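The primary structure of each chain is shown beneath.
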Amino acid sequence: MEARIYRPQKSAMTSGRGQTHTWYLEFVKPDARRTADPVMGWTSIDDTSGQVRLEFETQEEAVDYARREGLVFRVEESRERKRLVKSYSENFSFDRKQPWTH
């Protein structure tokens, strides 16, 4: 069974970075078969391990767990965002890089 270990990125719809500090281990099931129930019309799946998501504090804890359980896994490194530090007062500083125009 293959698993992926990742840390989620910040959503584009939010400004905060909450819930982006924990690492997750999810099982990947590319061959899971989905079927439609003939009576109710609901979609069901034959393997529910794709619904399992484990949380870990650090990447090392997730990797140790996967090795201990004998899982085939891949670690997806997350890119750190570049922070542009800007200050409103820099618009009025004496040594501006561009001249002030109106």
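What comes next concerns the included structure.

Scoring rules and cut-offs
- Here the residue index of a chain counts from 1 through its sequence in written order.
- Whole-chain, interface and lining totals are the exception, using all residues; otherwise, since this is a predicted model, local features are given only for residues with pLDDT of at least 70 and side-chain atom pairs are given and counted only at 80 or more.
- Side-chain calculation: all heavy atoms of the structure are included, whereas hydrogens and water are not.
- One bridge is not enough; two strands pair if DSSP finds at least two bridges between them.
- Here a helix means four or more residues in a row that DSSP labels H or I, a strand means two or more in a row labelled E, and each is numbered from the N terminus.
- Axes, fitted as lines to C-alpha atoms, cover a helix only where it is in contact. Angles between the N-to-C directions of the axes lie from 0 to 180 degrees.
- Should any heavy atoms of two residues lie within 4.5 Å, those residues are considered in contact.
- Within the patch definition used here, like charges are joined within 9 Å and nonpolar side chains (Val, Leu, Ile, Met, Phe, Trp, Tyr) within 5 Å, considering only residues with over 30% relative accessible area and no salt bridge.
- Here the open area of atoms and residues is found with the Shrake-Rupley method and a 1.4 Å probe, where only the protein chains shown may cover a residue.
- Only one rule defines a salt bridge in this text: a Lys or Arg side-chain nitrogen within 4 Å of an Asp or Glu carboxyl oxygen.
- Only four residue types enter the tally: Lys and Arg on the positive side, Asp and Glu on the negative side; His and the chain ends are excluded.
- Working definition for charges: the position is that of NZ of Lys, CZ of Arg, CG of Asp or CD of Glu.
- In these notes, a set of buried Ala, Val, Leu, Ile, Met, Phe, Trp, Tyr and Cys residues joined through side-chain atoms within 4.5 Å is what counts as a nonpolar core.
- The buried label applies to any residue whose accessible area, calculated with a 1.4 Å probe on protein chains only, is under 20% of its type's maximum; exposed applies above 50%, and partly exposed to all values in between.

**Quick notes on the sheet that holds strand S2 (residues 23-28)**
Then, number 1: Strand order in the open sheet formed by four strands is S5-S2-S1-S6, and the pairing between neighbours is mixed. The open sheet is flanked by strand S5 (53-56) and strand S6 (72-76), the only strands paired with a single partner. Neighbouring strand axes in the sheet, compared pairwise and without regard to direction, differ in orientation by 25° on average.
Then, number 2: In this sheet, S2 lies alongside strand S1 (residues 2-6) in antiparallel orientation, the contact comprising five bridges. Of the residues in S2, the one forming a bridge with Tyr 6 is Tyr 24.
Then, number 3: The strands touched by helix H1 (residues 59-69) are S1, S2, S5 and S6; relative to S6, the strand with the most contacts, the crossing angle is about 165°.

**As for a negative patch on the surface**
Then, number 1: Negative charge collects at one region of the surface, where Glu 55, Glu 57, Glu 60, Glu 61 and Asp 64 lie side by side.
Then, number 2: Per-element tally for the negative patch: the top contributor is H1, with three residues.
Then, number 3: Mapping Glu 57 onto the fold places it in the loop between S5 and H1.

**Side note on the nonpolar core**
Then, number 1: Judged by nonpolar contacts, Ala 3, Ile 5, Trp 23, Leu 25, Phe 27, Phe 56, Ala 62, Val 63, Ala 66 and Leu 71 together constitute the single largest core of ten residues.
Then, number 2: Those elements that place two or more of their residues in this core are S1, S2 and H1.
Then, number 3: Other than its neighbours up to four places away in sequence, Ala 3 contacts Leu 25, Glu 26, Phe 27, Val 28, Val 72, Phe 73 and Arg 74.

**Thoughts on a nonpolar patch on the surface**
Then, number 1: Nonpolar side chains collect at one region of the surface, where Val 39, Met 40 and Trp 42 lie side by side and expose about 410 Å² of accessible area between them.
Then, number 2: Within the fold, Trp 42 resides in the loop between strand S3 (34-36) and strand S4 (43-45).
Then, number 3: A residue is classified by how much of its surface remains accessible, and Trp 42, at 59% relative accessible area, is exposed.

**Side note on the pattern of salt bridges**
Then, number 1: Considering all chains together, one arrives at five salt bridges under this definition.
Then, number 2: When the shortest N-O distance is used, the salt bridge between Arg 4 and Glu 26 registers 3.4 Å. Of this pair, Arg 4 sits in strand S1 while Glu 26 sits in strand S2, and the two are 22 residues apart along the sequence.
Then, number 3: Notably, a salt bridge pairs Arg 74 with Glu 76, separated by 3.4 Å at the nearest N-O pair.
Then, number 4: Residue class for Arg 74 comes out partly exposed when judged on its relative accessible area of 36%.

Everything listed here is a matter of geometry and, on its own, says nothing about what the molecule does.
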